[in-house]
Number of protein chains: 2
Amino acid sequence: MPEPEFDALCIGNAIVDVLARTDDDFLVAEGLHKGTMHLIDAERAESLYAHMGPAIEASGGSAGNTAAGIASLGGRAAFIGKIANDAFGDVYAHDMRATGVHFATPRLADGAPTARSMILITPDGERTMNTYLGACQALGPADIDEATVSAAAITYLEGYLWDPPEAKQAFRRAAAIAHAAGRKVSLTLSDPFCVDRYRAEFLGLMRDGTVDILFANESELHSLYETASLDAALAALAGDCPLSAVTVGAEGAIVVSHDGASKVSATPVDSVVDLTGAGDLFASGFLFGVARDMDHVDAARLGTLAAAEVIGHIGPRPAVSLRGLAREAGFDL
Amino acid sequence: MPEPEFDALCIGNAIVDVLARTDDDFLVAEGLHKGTMHLIDAERAESLYAHMGPAIEASGGSAGNTAAGIASLGGRAAFIGKIANDAFGDVYAHDMRATGVHFATPRLADGAPTARSMILITPDGERTMNTYLGACQALGPADIDEATVSAAAITYLEGYLWDPPEAKQAFRRAAAIAHAAGRKVSLTLSDPFCVDRYRAEFLGLMRDGTVDILFANESELHSLYETASLDAALAALAGDCPLSAVTVGAEGAIVVSHDGASKVSATPVDSVVDLTGAGDLFASGFLFGVARDMDHVDAARLGTLAAAEVIGHIGPRPAVSLRGLAREAGFDL
């Protein structure tokens, strides 16, 4: 097996975030579930945008953020996702390449515009997402470049890929290529409502050996196993997946394998400004660590360090070099 | 004279900022003068964008930022500026209206895209701007709505308006309408190189009574009077304009009138993240204060408070309510 060219290939919805501060009353008035992702159509996107406050735009998307975080740690990352030939697509492609991420997915020539997610940030730092998938609906198996998948130590996939119609075929093709090349496959559960939509399929992917490394947060895990008990969910997880990393908010993360569970504390932060990207950046650190054969607990520590950086400012990607922060924290990167 | 409907009407180039962190070496390699604004064409914009790092996008433009700041202080602001019918134009119009600023300038139907400025932020927080004017080149006298100008206590104009070909006629028309309606006219010198391009015209506007209130920073003032002596420049300014506010960076600001000069300290900040918008937001506070008949020194204090907020984060407009901050600081707003 040749040395991997990439620490990770991240595949997901390519989305420009439209980030605005708001208050809790606005979420209630708009009928939104705080802390979750809502899929919206073009009409709803227009109406919500007309009602929300002034915003900033930043390239986002869960797997895209994870790829950017791996690059910021000094890793080699690739990304596959679908953008359109428009201004937001130009922004997305620029940011990905300027971050040092390999990104060569053909753009959607005619059709829907580049995806955007209106992200409402409440004073507690929680983010509530409203995603118009646009061009992401066109991601399909043909976009999965075999050479790139084969060259990545880990292929990392969003649960959100179950939403666009053909993306799950892309997902399955990527996983098959990765395993045929002797590489690992990772899945993030993405969102509790996403899990609710595709619970049986996600459990199937875990139990049939498609997924080697699983990422989830508490609410996704509760949704997956339909239980209010974290311990029960962790025990079930230990049987369903060889390696899992469960983020538990301000408590940090729990690494679960067939050997048992280990807890890693969160990296302290002065103040939580915007939780957008927290889980994505945790995945950056953990995936990078696993790809470089770090101890799993150290990999999770790198994940909490990356997450702590991104929640200290508005926007879903690192504002400073994560490699620099990791070195200051004693990591030998 | 009827009560003004707006505290200020701000007229300027409507620009979406593309903000990226960089190091000083990049400025040197690209031949850029740190802390100033460079006008660039579409080709240079493309080339610079290809070389710069990942960015975020935020509505900007000097006068637009000032209008947003006045609205954030609880004031009534209007804005005139030219955008195109494109995605960045939609972003600009949204942000202006969502901030509560009256903005009704007809969009450019066919032609150049919405203006953008690539703003490079160095580790010291200084910003170096590279502006592609695009649709702003089409701003002309027909865009100056007489009713809006007449309804504003102060019409505030950018020196940058001297760059697009017909905007100076728009400027002159706005100033004439404002004075005919018994209102005040204010000018910001914008940038030392802008002053260098139009020194004689700016001095003419001050000396012929077109400008009632002038804004400048130290380097613009040095450029205007071609002197290295701040005292000499301030003395000249006192003779040339009834009321001026000169920002002097971390030192704060100096209010200059025929009665003499008064210094106001800067509002302390924990750390300077991004100086983009500092001068614009100082103008928000000062203009709002003057429009509400505050003492000039208090108006300048409100300006330094607004400037301190905007330099604490990436982006050219307030991230929190300036009215709330001003009340906490003891202002009766």
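Residues numbered from 1 in each chain as written. Chains lettered and ligands numbered in written order. Predicted model: local features only at pLDDT ≥ 70, side-chain atom pairs only at ≥ 80, totals over all residues.

1. Overview of the sheet that holds strand β10 (residues 184-188) of chain A
Residues and elements named next belong to chain A. Ordered by their spatial adjacency, nine strands build an open sheet running β6-β5-β1-β9-β10-β11-β12-β13-β14, and the pairing between neighbours is mixed. In this open sheet, the two edge strands, each paired with only one partner strand, are β6 (102-103) and β14 (260-264). As judged from the two bridges shared by strand β5 (residues 77-80) and β6, these two strands associate in the parallel manner. Paired with A78 across the bridge in β6 is H102. Packing against the sheet, helix α8 (residues 218-225) makes contact with β11 (213-217) and β12 (243-247), and its axis sits at approximately 105 degrees to β11. Running over the sheet, helix α10 (residues 278-291) touches β1 (6-11), β9 (152-158), β10, β11, β12 and β13 (253-257) and is turned about 160 degrees from β9. (Pairing = 2+ DSSP bridges. Helix = DSSP H or I, 4+ residues; strand = E, 2+ residues; numbered from the N terminus. Contact = placed C-beta atoms within 7 Å. Axes fitted to C-alpha atoms, helices over the stretch in contact; angles between N-to-C directions.)

2. Considerations on the pairing of β11(A)
Residue and element names in this part refer to chain A. Of all five residues that make up β11, five are buried, and the element is covered over most of its length. Where burial is concerned, the two faces of β11 agree: the one with I213, F215 and N217 and the one with L214 and A216 are both buried. Pairing between β10 and β11: three bridges, direction parallel. Across the sheet, the residue bridging to S186 is I213, located in β11. By the bridge criterion, five bridges tie β11 to β12 in an arrangement that is parallel. (Buried ≥ 20, exposed ≤ 12 C-beta atoms within 10 Å, placed from the backbone.)

3. A short note on the packing of helix α7 (residues 192-207) of chain A against α8(A)
Residues and elements named next belong to chain A. With their axes 8 Å apart at the nearest point, α7 and α8 run at an angle of 50 degrees to one another. For the element pair α7 / α8, the angle class is oblique. As for the relative orientation of α7 and α8, their crossing is right-handed in sense. Only S219, E220, S223 and L224 of α8 make contact with α7, whose side of the interface consists of P192, V195, D196, R199, F202 and L203. Split into classes, the residues belonging to the contact of α7 with α8 amount to five nonpolar, two polar and three charged. (Parallel < 35°, antiparallel > 145°, perpendicular 65-115°, else oblique. Left-handed = near helix turned anticlockwise from the far one by under 90°. Nonpolar A, V, L, I, M, F, W, Y, C, P; charged D, E, K, R; others polar.)

4. Overview of the environment of T188(A)
Residues and elements named next belong to chain A. Here T188 lies in strand β10. Since 30 C-beta atoms lie within 10 Å of it, T188 is described here as buried. Expressed as a C-alpha distance, the spacing of T188 and A68, which sit 120 residues apart in the sequence, is 16 Å. When near neighbours in sequence (up to four residues on either side) are disregarded, T188 contacts S62, E158, G159, F215 and A283.

5. Description of the nonpolar core
A8(A) and A8(B) are the most contacted members of the largest nonpolar core, which totals 234 residues. Leaving out residues up to four positions away in the same chain, A8(B) has contacts with I70(B), A77(B), A152(B), A153(B), I154(B), Y156(B), L287(B) and A291(B). (Core = buried A, V, L, I, M, F, W, Y, C linked by C-beta atoms within 7 Å.)

6. Some words on the relation of the copies chain B and chain A
Superposing chain B onto chain A requires a rotation of 180 degrees together with a translation of 0.0 Å along the rotation axis, leaving an RMSD of 0.0 Å. When the rotation and shift are considered jointly, the pair of chain copies conforms to a two-fold rotation axis. Residue E57(B), judged by its C-alpha, is the member of chain B lying nearest the rotation axis, at 2.4 Å. (Least-squares fit on C-alpha atoms with pLDDT ≥ 70 in both.)

7. Some words on the interface of chain B and chain A
Note on interface size: it is often stated as the accessible area lost on association of the parts. Listed per partner, the contact involves 18 residues of chain B and 18 residues of chain A. Here the side of chain B that touches chain A is composed, by residue class, of 10 nonpolar, four polar and four charged.

8. A look at unusual backbone geometry
Residue D293(A) is not a glycine yet carries a positive backbone phi of 60 degrees. The residue D293(A) is located in the loop between α10 and α11 (296-310) in this model. With a phi close to 50 degrees, E226(B) is a non-glycine residue in the positive phi region. Here E226(B) is to be found in the loop between α8 (218-225) and α9 (230-240).

It is worth stressing that arrangement in space is one thing and function is another; only the former is reported here.
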